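Residue-level structure breakdown
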Amino acid sequence: MGSFFWKLLFVRHFYVHLCQNEYSMEIQSNKTERIEIRISSYDKQIFQKAQKLSGDKTFSSFIVRILKEQAEEIVSRKERIIVSQRDRERFFEAVFSDAHPNQNLTEAAERFKSKSKEL
């Protein structure tokens, strides 16, 4: 299970990363939506100062970048929690279920036992 588990985890991580990149590219090419917000003058001043210090070319690009980074982190964190809960349930189900090992697993265990006795 160990090797398979890590391969599965890698494939899932790669797939999520790929989907995020495709989503990100789609969002960047389709900038037709607008968001309007009201903020205090202090907030605007601090945002503009941060934008200038960050090196972002425009105030809009700075705000979008920061909001997007934070939103992606929130979504990613929540998805990790959901996946870890699902994986935990599957693990405990596999460990504590009444399922018996199949023939291949039994034979592999026997081979391992015989080789470890030789050492």
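Residues numbered from 1 in each chain as written. Predicted model: local features only at pLDDT ≥ 70, side-chain atom pairs only at ≥ 80, totals over all residues. Heavy atoms only, no water.

1. Some remarks on the pattern of salt bridges
Stated formally: The term salt bridge refers to a pairing of a side-chain nitrogen on Lys or Arg with a carboxyl oxygen on Asp or Glu at a separation within 4 Å. Secondary structure counts use DSSP, requiring at least four H or I residues in a row for a helix and at least two E residues in a row for a strand, with both numbered from the N terminus. Accessibility here uses a 1.4 Å probe with only protein chains present; expressed as a share of the type maximum, an area under 20% marks a residue as buried, one over 50% as exposed, and anything in between as partly exposed.
Summed over all chains, the structure comprises 4 salt bridges. Among the ionic pairs, Glu69 bridges to Arg65, the shortest N-O distance being 3.2 Å. Of this pair, Glu69 and Arg65 both sit in helix H3 (residues 59-96), separated by 4 residues, roughly a single helical turn. Residue Arg77 pairs with Glu73 through a salt bridge whose shortest N-O separation is 3.7 Å. Here Arg77 pairs with Glu73, and both are found in helix H3, just 4 residues apart, close to one helical turn. Under the relative-accessibility criterion, Glu73 is labelled partly exposed at 35%. By sharing partners, the salt bridges in this structure join Asp56, Arg65 and Glu69 into a single network.

2. Focus on helix H4 (residues 103-118)
Our working rule: A helix's residues, less one, multiplied by 1.5 Å, set its expected span. Polar contact criterion, stated in full: a pair of N or O atoms within 3.5 Å, where within protein one must be able to donate a hydrogen and the other to accept it, and residues adjacent in sequence count only if both atoms are side-chain atoms.
In this model H4 runs 23 Å from its N-terminal to its C-terminal C-alpha over 16 residues, within 8% of the 22 Å that 1.5 Å per residue would give. One side-chain oxygen of the residue at the start of H4 lies 3.2 Å from the amide nitrogen of Asn104, identifying that residue as Asn102.

3. Quick look at the confidence of the model for the protein
What counts, and what does not: pLDDT measures how confident the predictor is about each residue, on a scale from 0 to 100.
The pLDDT averaged across the protein works out to 79; a share of 75% of its residues lies at or above 70. Within the protein, the lowest mean pLDDT, 55, falls on helix H1 (residues 2-29), and the highest, 94, falls on helix H2 (residues 41-54).

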